[in-house]
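As a plain string of letters, each chain reads:
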Amino acid sequence: MTIIAALLLFGVIVLIHEFGHFIFAKKNGVTVHEFALGMGPKLFGIERNGTVYSVRILPIGGFCAMEGEDEESNDPGSFGKKSILQRASIIFAGPFFNLVLAVIFLIPVFIYIGSPTTKLDQITANSPAYEANLKSGDIVKSINGQNINSWNEFTQKITQSKGQPLNLVVDRDNKSVNITVTPKKAEDGTYKVGVTCVRNKNIINSIKESFVTTGQMIVQMIIFLKQMITGTVPGGFSNSVAGPVVILSIVSGAAKTGIINLLYLGSIISLNLGIINLVPFPALDGGRLFLLLIEAIRGGKKINPDKEAMINMIGFCALMAFMVFITYSDITKLFKGIIKF
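The present account deals with the structure reproduced in this document. Predicted model, so just to flag it, every value in this text is computed and none were measured. (Residues numbered from 1 in each chain as written. Predicted model: local features only at pLDDT ≥ 70, side-chain atom pairs only at ≥ 80, totals over all residues. Heavy atoms only, no water.)

### Details of the overall build of the chain
From N to C terminus, the chain includes ten helices and ten strands. Within the chain, the proportion of its 341 residues that are buried is 38%. Within the chain, contacts between residues at least 6 apart in sequence are counted, and of these 64% link residues at least 24 apart. Accessible surface, the chain as shown: approximately 19,100 Å² in total, 63% of it carbon and sulfur. (Helix = DSSP H or I, 4+ residues; strand = E, 2+ residues; numbered from the N terminus. Buried < 20%, exposed > 50% of the residue type's maximum accessible area, 1.4 Å probe, protein only. Contact = heavy atoms within 4.5 Å. Areas by Shrake-Rupley, 256 points an atom, 1.4 Å probe, with all protein chains shown as cover.)

The following block contains the structure:
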């Protein structure tokens, strides 16, 4: 059942991506031959206004088949006949819908766990916070003279301290109190002071926190992509990149612990799909957007369709080779017992 839940989650994430392409294709007058739920042989389909809406046998993702998307076409509803801006909006819509889905997945997560505040909750006994006389109910206002407006800012200051003393100003019973606390390195290698925060459970804060968290994850993913390109990924490339087998194992594990963990992991996967698809590499949405940018620079002169198809085919083959390598690495980890279902 957990593997089925994982497959359905993947299916929803990819389907939303394709739905973004579909909606903007229709909006811009592009002929859509088929919008499919799932992959593989067709189970059944219904035609409406020239588009076949089908369900296919494998519940993994889906696709949006547009006229003239990968070949030359003289049809007025062809993708290639639309303006650069229209085509760019259709291509960008897929990754963008994945970013929106990530936010949507996070909203019930934060409604359930609450959004963090700068008000302290529990103080761990004999911790740096305990020794510095921080108390439950204290509201952190500033650290080393810099205002603290979120729990994320608070934790960042603690992490960046490298064990150096920090001067905190907290609001305690409507009075400002100055406290010096020295973070200590925990077993995971990060610096902590031994406090938890009060969480605010309401839908407005949950929506706000979902956007903030999504933004933070985007920044972290961009940093990771930069590390991949420069070869500076901590722990090595093969240990930091997961393929379908590892992801399926992680998602099925999350499904066992409940819907909230599954939704949180789903937001990360959806965001990954959206960001990676925007990388300017052939066969990805980002590669196609890059080719449109070149077309715009050339004053609207289109790239030879055969050359564009060749570029995308080379990119696709490279991606497939990369996927085979990652999947082989996953299977090796599975046989070694590093990952389990």
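### Focus on the packing of aromatic side chains
Between two aromatic rings, the relevant description is the distance of the centres plus the angle of the planes. Overall, the coordinates contain eight aromatic pairs when judged by the stated rule. With a centroid separation of 4.8 Å and an interplanar angle of 40°, the aromatic rings of Phe 22 and Phe 35 are classed as tilted. Of this pair, Phe 22 sits in helix H1 (residues 2–27) while Phe 35 sits in strand S1 (residues 32–48), placing them 13 residues apart in sequence. The buried category is assigned to Phe 35, whose relative accessible area is 11%. Feature note: the residues Phe 19, Phe 22, Phe 24, Phe 35, Tyr 53 and Phe 97 constitute an aromatic cluster, connected by ring pairs. (Phe/Tyr/Trp six-rings, centres within 6.5 Å; stacked < 30°, edge-to-face > 60°.)

### Points about unusual backbone geometry
Glycine aside, the phi torsion of most residues is negative, and most peptide linkages are trans. Located in the positive-phi region is Asn 144, a residue other than glycine, with phi close to 50°. By the secondary structure assignment, Asn 144 is in the loop between strand S4 (139–143) and strand S5 (146–147). By relative accessible area, Asn 144 is classed as partly exposed at 45%. For Asp 173, which is not glycine, the phi torsion reads 55° and is therefore positive.

### A word on the pairing of strand S7 (residues 175–181)
As paired elements, strand S6 (residues 166–172) and S7 share seven bridges and run antiparallel to each other. Across the sheet, Arg 172 pairs through a bridge with Lys 175, a residue of S7. Linking S6 to S7, which pair antiparallel, is a turn of two residues; within it Asp 173 sits at a positive phi near 55°. (Pairing = 2+ DSSP bridges.)

### Let's talk about helix H4 (residues 151–160)
It helps to recall that an α-helix has 3.6 residues per turn; residues three or four apart then point in one direction. Those residues of H4 that sit buried are Trp 151, Phe 154 and Ile 158. End-on view of H4: buried residues confined to an arc of 60°, all on one side of the axis. Structurally, H4 contributes buried residues whose contacts are with strand S3 (115–123), S4, S6, strand S9 (191–192) and strand S10 (195–200). Looking one or two places after H4, you find Lys 162, whose phi comes out positive at around 55°. (Arc of directions from axis to C-beta.)

### Some thoughts on the packing of helix H2 (residues 84–113) against helix H8 (residues 259–277)
Helix packing for two helices is described by the angle between their axes and how far apart those axes are. Remark: H2 packs on H8, axes separated minimally by 8 Å, with the N-to-C direction vectors making an angle of 160°. As far as their axial angle goes, H8 and H2 are roughly antiparallel. In the crossing of H2 with H8, the sense of the turn from one axis to the other is left-handed. Only Ile 260, Leu 263, Tyr 264, Gly 266, Ser 267, Ser 270, Leu 271, Leu 273, Gly 274, Ile 275 and Asn 277 of H8 make contact with H2, whose side of the interface consists of Pro 95, Asn 98, Leu 99, Leu 101, Ala 102, Phe 105, Leu 106, Pro 108, Val 109 and Tyr 112. A per-class count over the contact of H2 with H8 returns 15 nonpolar, six polar and no charged. (Axes fitted to C-alpha atoms, helices over the stretch in contact; angles between N-to-C directions. Parallel < 35°, antiparallel > 145°, perpendicular 65-115°, else oblique. Left-handed = near helix turned anticlockwise from the far one by under 90°. Nonpolar A, V, L, I, M, F, W, Y, C, P; charged D, E, K, R; others polar.)

### Examining the pattern of salt bridges
For the structure shown, the criterion picks out four salt bridges. Two residues, Arg 288 and Glu 69, come together in a salt bridge whose shortest N-O distance is 3.1 Å. Here Glu 69 lies in the loop between strand S2 (51–66) and H2 and Arg 288 lies in helix H9 (residues 285–297), a separation of 219 residues in the sequence. Relative accessible area serves as the criterion here: at 12%, Arg 288 is assigned to the buried category. Between Arg 172 and Asp 138 there is a salt bridge, and its shortest N-O distance comes to 2.8 Å. Placement of Arg 172 in strand S6 and of Asp 138 in the loop between helix H3 (128–131) and S4 is noted, with a sequence separation of 34 residues between them. Judged by its relative accessible area of 1%, Asp 138 falls in the buried class. (Salt bridge = Lys/Arg side-chain N within 4 Å of Asp/Glu carboxyl O.)

### Considerations on the packing of H2 against helix H5 (residues 203–230)
Put simply, H2 and H5 touch, their axes get as near as 8 Å, and they point 130° apart. The angle between H2 and H5 falls in the class oblique. Seen along the crossing, H2 lies across H5 with a hand that is right-handed. For the pair formed by H2 and H5, the contact residues are Leu 99, Ala 102, Val 103, Leu 106, Ile 107, Phe 110 and Ile 111 on the first element and Ile 203, Ser 206, Ile 207, Glu 209, Ser 210, Phe 211, Thr 213, Thr 214 and Met 217 on the second.

### So, a nonpolar patch on the surface
On the surface, a nonpolar cluster with roughly 590 Å² of combined accessible area is contributed by Met 310, Met 313, Ile 314, Phe 316, Met 320 and Met 323. Examined against the element boundaries, Phe 316 turns out to sit in helix H10 (residues 305–335). (Patch = residues over 30% accessible without salt bridge, like charges linked within 9 Å, V, L, I, M, F, W, Y side chains within 5 Å.)

### Some remarks on H2
Here H2 spans 44 Å end to end across 30 residues, near enough to the 44 Å set by a 1.5 Å rise per residue. Of all the bends in H2, the greatest, near 35°, is centred on Ala 93, and the proline Pro 95 appears no more than four residues after it. Downstream of H2 by one or two residues, Gly 114 has phi in the positive range, about 85°. (Expected span 1.5 Å × (residues − 1). Bend = angle between axes of the 7 residues up to and from the residue.)

Function-wise, these values are silent; they only describe arrangement.
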